[in-house]
Amino acid sequence: MSDRAGAPGRPAGAHPLQDIRRIFAIWIALSIVGDLIFWFVAGPHVPPGDMTSSASGAQFDFNVLFMVALPVILGVWTYMGYAVLMWRASRPGVPDPVGGPRARSNLKVQLWWIVLTTITVLGMFIFGTVELIVPAGAGGAEGPNPIWTPTSKTILPVQVIAQQWKFTYRYPTFGGMETNTLVIPDNTTIAFHVTSLDVIHSFWAYQLGVKIDANPGVDDIGYTTTNQLGRFSVRCNELCGIWHGAMWDFGKVVTKSQFMRWGEATERAHADNTKYLPPFAWTYVPTANTTTGVTVANTSGQAPFSKVQKYGATTSAKKTLKNVVTATSTITTGGSTG
Amino acid sequence: MTLDVAPPSQVGSAGGVRPPGGAAMRRPSWLGQHMGTGIVLAVGGYALGHYLGNVIASGYTYVGTAAENDVAIVLALVLAVVGWLLGVGALNYPLAKLAGREPAARPDADHWTKYFRFSVEHKTVGLQYLIAVLVFLFTGGLLAMSIRTELLSPTNHIIGPGTYISIVGEHGTIMMMMASSLVVGPLGNWLVPLMIGARRMAFPRVEAFSFWLFSAGYFVILTALPLGGFPTGWTGYAPLQTQADVGMDSYLVGFSVIGLGMILAGFNLLVTIINYRAPGMTWGRLPVFVWSILATSALLTLATPTLAVACVFGILDRTVGTSFYVAAHGGSSYLWENLFWFFGHPEVYIMALPGFGIVGEMLPVFTRKPLFAYRVAAAGMIGVALLSFFVWQHHLFQSGINPDMRPLFMLTTELISIPTGFIYLVGLGTLYKAKIRFEVPMLFALAMYFNFLIGGVTGVFLSDVPVDVTVHGSFFVLAHFHYTIMGGLVFAFFGGVYYWTPKITGKSLNKTLAKAHFWAMFVFFNLTFFPMFLIGLLGQPRRVFEYAQGLQTLNDFSSVSAFCLGASFIIFVVNFVWSIFIAPQEAPANPWGSLGLEWQTATPVPRHNFDRIPVVMADPYHYSEPDPPPVADLAPTSFAEMAAAGADGGGASRGGDR
């Protein structure tokens, strides 16, 4: 875009636009080479990879933006490099510049510049919006009431509870059990319900392409669909106090059958602990009458299981689901100070 | 158009002429009110406030998690600031007026001690600001060095997580405070009256007051370190803020104080530019630097009150138990985020626009061409300033607030690249078929275009919500805004310092050292911050003291480059001290052959700038014209006369003779 800038030159033997033509030629060549190299060499390795739909979406979007950005940068650099080499006062034979109104403005150049930048910007906006809405939020935070939701029939809800300085994960599908590691099944749409017990954190599952802020008292939802097995790292992405840097762990994507076996086994193993936890809820609040930092389920806003409660097509999952519903129906609402 | 014909003697202290043999001349220079008395009263105020706070709130467990309580610290800091202002004499005039007395006229002796006093003269205030922002910059820079030291190793800790997080917060806060006044303070106050042909600022006492608030803010924010630091970084997110120890109070009081200073400084410049232009200084002739200061000061005036209010809410939450930011009691953690970024995004442009103005001012001089598309440049700055109020929620893309509005904020954010692109149109158009002289200020101007391009383009990645899911809050963001603020504003600022120092001090800076400074700064700046884009993309969040083993090489590379970048500023300090104080060399009157009005007064600039108010007859960009119209009815007016008056010839005569 930059190559068109500048006032029309004076006839100096050569074509008046000789410099612009040269810059344009260099720019086109560099851009094509740069873009091709980027797309085919670097592109497939651009983070966050392709472990989930949102990760590969982010990778694709990054690459597309880079393909647009690189020529912009190269255009300005080519122009500036050309100017520095060819139009410096120390170079012999550089003519004195033209002054006056011709050097002050050039309506055509200015209009072209505005039109081209506007088209580029609007194009990127439309692309970004489509890429945000079609993949149901692209792994980002969608707040408590998402309007862009996945079409999948079976969505696994996983609650991510952030607190200083640790993430824990609750599975409403498995009796509201709480674990230290995040295990999710392959080829499944996951609904992450992220909340915090104290300050603002941010749940960043790097290879999953998911980043959702954890706000106290807020059920912040984001979606992704897994399509690869493997491990991923989880880091807190919002400064949350002195151990913010140490607030990380690893999770893994396993096959569906492994996941069901793991879920049922863990639910049984954790049963004794689970009954001492606050009943499962989308958010939790500190109890009003104690200073010990105990939290209780905050049920004043919305009841659990009102939404994405579809996962668990297998019989065993249905059974556990029923158990959880029973458990939560007997919630004692101690100190729910919504 | 307002003509400033009022006799300047009505301003604050003395008239333009030094009272001959007056008592003030015989009085020892250390007497009277100055920084020393300010420090004494500030310390007294701190002690008094601390005592009062403990009397009021001792035993009140809510406010104190440690031996200190928040009420005592907040009162101590506020009274220290009041004591500082009383001590330097910033409140003499209003207090005397309140008491119904005529304020005593204090002779404003032309003595070096005036730089440590409450001076209402815009050039003195400008120089005070210059030294102060450099102190801010180097303090913040030293803190950055320790951050990079800690990040040399992924797991071994050199300074430990607690100190580390305090230093990260201090670095960010000091640098933000510094950067929002970096150009407006020194160059804005010093140059704007000269550039618009005025004898003074519209509100000289307000101008001086804003400086003494700014300097008070420095000490207030530094008190955070002995008080245990604050864990929130410069963004101060609640409820971590509400939970933090007393170091947080320094942040909140410090930002309120600096914020008040920013509002006053911006308001003053806004009124000055609108009302104090010399006859003939139409909007179409206003130097582009003044346009940038106009846009910036509008932002300072309109955006900063939000910050001040947000900080007061935070102070109330911490001291008297309100719950603006406490979700469990009806408040919201989103409130701080919204208020902060509603200020914070215009703040980003407060830190970018003056840089555009400086390079816009320098390019014509060193290319010997008129500024290309002058109107587009002014429109671009105003456009950026307007749009900057409509983008703040892009900082909250992943926060879950207003998720359905994300496309709108993506649009507004990306739209800002259109007026920002105007600045590039102006720069590239001015370079077209130019005759570029690579003087040091020009090198900085070109570097600004180089760096800001990377900063601006990566901003588009951040504004794209799906990509932002990965890069939000990572080192990618960190690299992005260091490229815009340091690569843009700080480079432009140093260009401006090299450009205007001959005018401001009458001394020449050493060219060889200046070039060494430039190349070291430019190379190591890029080597420091470019790897951070990769570090962020590879998954390192901001403000962590531990990171993945695999990222150590990149982090170490960045750290070592950062140490070299820090060392490059030593060259500047050595050059500055050597060339101005130790072995001063008289500068030519107009070393760059500039047509700007500010170069057409005598050097050193007389007390009231112009013997009479000039009448402006043309804009200052008529380079490369055989017979440029005189900019004002001041001598000298032509290139030939300028060269004769001491310009080093070079481009000046070449530009004029063709």
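Structural data are supplied above this passage.
Before going into details, it helps to say that this report is about the structure given with it. (Residues numbered from 1 in each chain as written. Chains lettered and ligands numbered in written order. Predicted model: local features only at pLDDT ≥ 70, side-chain atom pairs only at ≥ 80, totals over all residues. Heavy atoms only, no water.)

**A word on the state of the cysteines**
By definition, a disulfide is the covalent link that joins the sulfur atoms of two cysteine residues. Residues and elements named next belong to chain A. Note the cut-off: In this description, a disulfide is simply a cysteine sulfur pair whose atoms lie within 2.5 Å. In this scheme, a residue with accessible area under 20% of its type's maximum is buried, one over 50% is exposed, and one in between is partly exposed, where area comes from a 1.4 Å probe on protein chains only.
Scanning the model with the defined rule gives zero disulfides over all chains in all. Just so you know, Cys240 is unpaired, no disulfide at all, and the nearest cysteine sulfur is the one on Cys236, 3.8 Å from it. The buried category is assigned to Cys240, whose relative accessible area is 0%.

**Quick notes on the nonpolar core**
Note the threshold: Put simply, a nonpolar core is a bunch of buried Ala, Val, Leu, Ile, Met, Phe, Trp, Tyr and Cys residues held in one set by side-chain atoms that sit within 4.5 Å of each other. Put simply, DSSP marks the helices as runs of H or I at least four residues long and the strands as runs of E at least two long, and each gets a number from the N terminus on. Note on definitions: a residue-residue contact is assigned when non-hydrogen atoms from the two residues lie within 4.5 Å.
Ranked by internal contacts, the top residues of the largest apolar core, which has 239 residues, are B:Trp336, B:Phe493 and B:Phe494. The element contributing the most residues to this core is helix H19 (residues 475-505) of chain B, with 20 residues. Those residues in contact with B:Phe494, other than ones at most four positions away along the chain, are B:Leu134, B:Leu137, B:Phe444, B:His517, B:Met521, B:Phe569 and B:Phe572. Listed in part, the 34 residues of the second largest apolar core include A:Phe174, A:Ala205, A:Val210 and A:Val254.

**Details of the sheet that holds strand E6 (residues 201-205) of chain A**
Residue and element names in this part refer to chain A. Here is the rule: Two strands pair under a simple rule: DSSP has to find at least two bridges between them. Helix axes use the C-alpha atoms of the stretch in contact, all axes being lines fitted to C-alpha atoms, and the angles between their N-to-C directions lie in the range 0 to 180 degrees.
Reading across from one edge, E4-E10-E9-E6-E7 is the order of the five strands in this open sheet, with mixed pairing throughout. Of all strands in the sheet, those bounded by a partner on one side alone are strand E4 (182-185) and strand E7 (210-214). Strand-to-strand twist of the sheet, defined as the mean angle between neighbouring strand axes without regard to direction, takes the value 20°. Relative to strand E10 (residues 248-254), E4 runs parallel, the two being bridged by four bridges. Each residue of the ladder has a partner; that of Val183, found in E10, is Lys252. The sheet contacts of helix H5 (residues 256-269) involve E4 and E10, and relative to E4 the element is tilted by about 135°.

**Considerations on the sheet that holds strand E2 (residues 166-171) of chain A**
Residues and elements named next belong to chain A. The strand order across the open sheet built from five strands is E3-E2-E1-E5-E8, with neighbouring strands paired in mixed fashion. Where the open sheet ends on each side, the last strands, each with one partner, are strand E3 (177-179) and strand E8 (220-225). Strand after strand, the sheet turns through a mean of 30° between neighbouring axes, direction not considered. Where strand E5 (residues 189-196) meets E8, six bridges bridge the pair, whose relative direction is antiparallel. Of the residues in E8, the one forming a bridge with Thr189 is Thr225.

**A word on helix H4 (residues 107-133) of chain A**
Cut-off, in case you're wondering: Take the number of residues in a helix, subtract one, and multiply by 1.5 Å to get its expected span. By the criterion applied in these results, polar contacts are pairs of N or O atoms within 3.5 Å in which, for protein atoms, one can donate a hydrogen and the other can accept it, and in which residues neighboring in sequence qualify only through two side-chain atoms.
If you check H4(A), its first and last C-alpha atoms are 39 Å apart, about what 27 residues at 1.5 Å a residue would give, namely 39 Å. Those residues of H4(A) that are buried lie in contact with helix H2 (53-86) of chain A together with helix H14 (374-387), helix H15 (406-415), helix H16 (417-431), helix H17 (440-463) and helix H18 (465-471) of chain B. Capping of H4(A) at its N-terminal end is provided by A:Asn106; its side-chain oxygen lies 3.1 Å from the backbone amide nitrogen of A:Lys108.

Geometric values such as these leave the question of function open.
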